[in-house]
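Results of the structural survey
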Amino acid sequence: MAALAFVVGTRLDRPAGSVELRTALVAPDGDSTADVEVRKTGIGRVIRFESDELPILPKGEYYELWFVGRGDTPTTPNRISAGTFHPDEDGRSHVTFAAAVDPAKYPVLSVTAEPGDGNPEPRGPEVLRSPPRSQAVRAPPLRRARPPHSRAPPRRALARGP
């Protein structure tokens, strides 16, 4: 039984599918970054998101990863949510999403800080954004988590306007 558990665990750890998109997302002020890898599989896309730098949001709020299409505006959104997440207590966000989205049709990735008000539309400020896909495909492989001694302490709350 132990051998079976080892084989299953090893297989699940291996990435499935072919890399379709690999990019870095950057905050408008350049202060935070994230790496994203999108793999095309037989059932859709598997998205790996990694950041060690997002601030911990106030209780009830969350981050949301979006695939953004051409012509997206606040009044006429053209985006698909890949999912929501929170950083851990050390400010790390290493999450995997499954989504049925074509990055060719939604070439930009965006992370917003959402208010947790139950509204599924993007309402919070954009905190990270990728370059257009034509530039994103040249991004390096996902970085590995930094050793604990080299990680900057997490920022505790995202500043909100009045």
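What comes next concerns the included structure. (Residues numbered from 1 in each chain as written. Predicted model: local features only at pLDDT ≥ 70, side-chain atom pairs only at ≥ 80, totals over all residues. Heavy atoms only, no water.)

1. Focus on the layout of surface pockets
The condition is simple: For cavity detection a 1 Å grid was placed over the protein atoms alone, and a set of points counts as a cavity when a 1.4 Å probe fits there but cannot get out; an open set counts as a pocket when protein lies on both sides within 12 Å along at least five of seven lines, with lining residues being those that have an atom within 4 Å of a point. Grid points are joined across faces, edges and corners, and a volume is the space filled by probe spheres set on the points. Only Asp, Glu, Lys and Arg are considered charged, only Ala, Val, Leu, Ile, Met, Phe, Trp, Tyr, Cys and Pro nonpolar, and every remaining residue, Gly among them, polar.
In this structure, the largest pocket occupies an estimated 180 Å³ of space. If you go around the largest pocket, the residues you meet are Asp 72, Thr 73, Pro 74, Pro 77, Arg 79, Ser 110, Thr 112, Glu 121, Pro 122, Arg 123, Gly 124 and Glu 126. Split by residue class, the lining of the largest pocket holds 3 nonpolar, 4 polar and 5 charged.

2. Structural notes on the environment of Val 95
So the rule is basically this: Comment: elements are numbered from the N terminus, with helices defined as DSSP H or I runs of at least four residues and strands as E runs of at least two. Residues are treated as being in contact if the distance between any of their heavy atoms lies within 4.5 Å.
Examined against the element boundaries, Val 95 turns out to sit in strand β6 (residues 93-99). Considering only alpha carbons, one finds Val 95 and Thr 84, 11 residues apart in sequence, at a separation of 9.4 Å. When near neighbours in sequence (up to four residues on either side) are disregarded, Val 95 contacts Ile 47, Arg 48, Phe 49 and Phe 85.

3. Here we look at the side chain of Arg 45
Short version of the rule: Only protein chains enter the accessibility calculation, which uses a 1.4 Å probe; a residue whose area is less than 20% of its type maximum is buried, one above 50% is exposed, and one in between is partly exposed.
Looking at where Arg 45 falls in the secondary structure, it is placed in strand β3 (residues 44-51). Of the residues examined, Arg 45 reaches a relative accessible area of 12% and is grouped as buried. What Arg 45 contacts, discounting residues up to four positions off in sequence, is Glu 20, Val 38, Arg 39, Lys 40, Phe 97, Ala 98, Ala 99, Val 101, Asp 102 and Pro 103.

4. Comments concerning the packing of aromatic side chains
Definition in use: Here a pair means two rings of Phe, Tyr or Trp (six-membered ring of Trp) with centres within 6.5 Å. Their orientation is stacked below 30 degrees between planes, edge-to-face above 60, and tilted elsewhere.
Following the criterion strictly, the structure yields 3 aromatic pairs and no others. Aromatic side chains Phe 49 and Phe 85 sit 4.8 Å apart centroid to centroid with 45 degrees between the ring planes, which places their arrangement in the tilted category. Highlighted residues: Phe 49 in strand β3 and Phe 85 in strand β5 (residues 79-85), separated in sequence by 36 residues. As far as the burial class goes, Phe 49 and Phe 85 line up, both buried.

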